[in-house]
Amino acid sequence: MAAICHGVQILISAGVIRGRKATCFIGIRDDLKSAGVQYEDKEVVVDGNLVTSRNPDDLYAFGRELIRKLR
């Protein structure tokens, strides 16, 4: 499972992210925290099968971790 920028809002709505570690666009950080997620301000956060990233500036790190997971 992977999400970048505002993509974590879908995971919040689906109820599949509570209790996980993740990052997101700074403007929805409080939404993530309110959903019971441990927010980390890093370019990419990996928690098991979940890979999240903050914004398009972090695409290299996001892609790197996705490739690691797909291998």
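In every chain, residue numbers begin from 1 and rise along the written sequence. Residue-level local features of this predicted model are given only where pLDDT is at least 70; pairs of side-chain atoms are given and counted only at 80 or more, and the full residue set underlies all totals for whole chains, interfaces and linings. No hydrogens and no water enter the side-chain calculation; it runs on all heavy atoms of the structure.

**Quick notes on the side chain of Glu 40**
The line we're drawing: Segments assigned H or I by DSSP are reported as helices when at least four residues long, segments assigned E as strands when at least two residues long, and all are numbered from the N terminus. Three labels apply to residues, based on accessible area from a 1.4 Å probe with only protein chains included: buried if under 20% of the type maximum, exposed if over 50%, partly exposed otherwise in between. Contacts were defined at the residue level, with two residues in contact if any of their heavy atoms lie within 4.5 Å.
Tracing the sequence through the fold places Glu 40 in the loop between strand 3 (38-39) and strand 4 (44-47). By relative accessible area, Glu 40 is classed as buried at 15%. With residues near it in sequence (within four places) discarded, Glu 40 still touches Lys 21, Ala 22, Thr 23 and Val 45.

**Thoughts on the nonpolar core**
To keep things clear, this is the line we draw: Put simply, buried Ala, Val, Leu, Ile, Met, Phe, Trp, Tyr and Cys residues joined by side-chain atoms within 4.5 Å make one nonpolar core.
Within the largest apolar cluster, twelve residues are counted, these being Ala 3, Val 8, Leu 11, Ile 17, Ala 22, Cys 24, Ile 28, Leu 32, Ala 35, Val 37, Tyr 39 and Leu 50. Other than its neighbours up to four places away in sequence, Ile 17 contacts Leu 11, Ile 12, Ala 22, Leu 32, Val 37 and Leu 50.

**Section: the pattern of salt bridges**
Formally: The working definition used for a salt bridge is a side-chain nitrogen of Lys or Arg within 4 Å of a carboxyl oxygen of Asp or Glu.
If you walk through the whole model with that rule in mind, you get seven salt bridges. Of the charged contacts in the structure, one is a salt bridge between Asp 30 and Arg 29, with a shortest N-O distance of 3.8 Å. The exposure class assigned to Arg 29 is partly exposed, which follows from its relative accessible area of 28%. Where Arg 68 meets Glu 65, a salt bridge forms, and the shortest distance between an N and an O atom there is 2.8 Å. Taken as a pair, Arg 68 and Glu 65 lie in helix 3 (residues 59-70) at a separation of three residues, close to a single helical turn. Since its relative accessible area comes to 53%, Arg 68 is described here as exposed. Taking relative accessible area as the criterion, Glu 65 reaches 11% and is therefore assigned buried. Ionic contacts of the salt-bridge type, sharing partners, join the residues Asp 41, Arg 54 and Asp 58 into one network.

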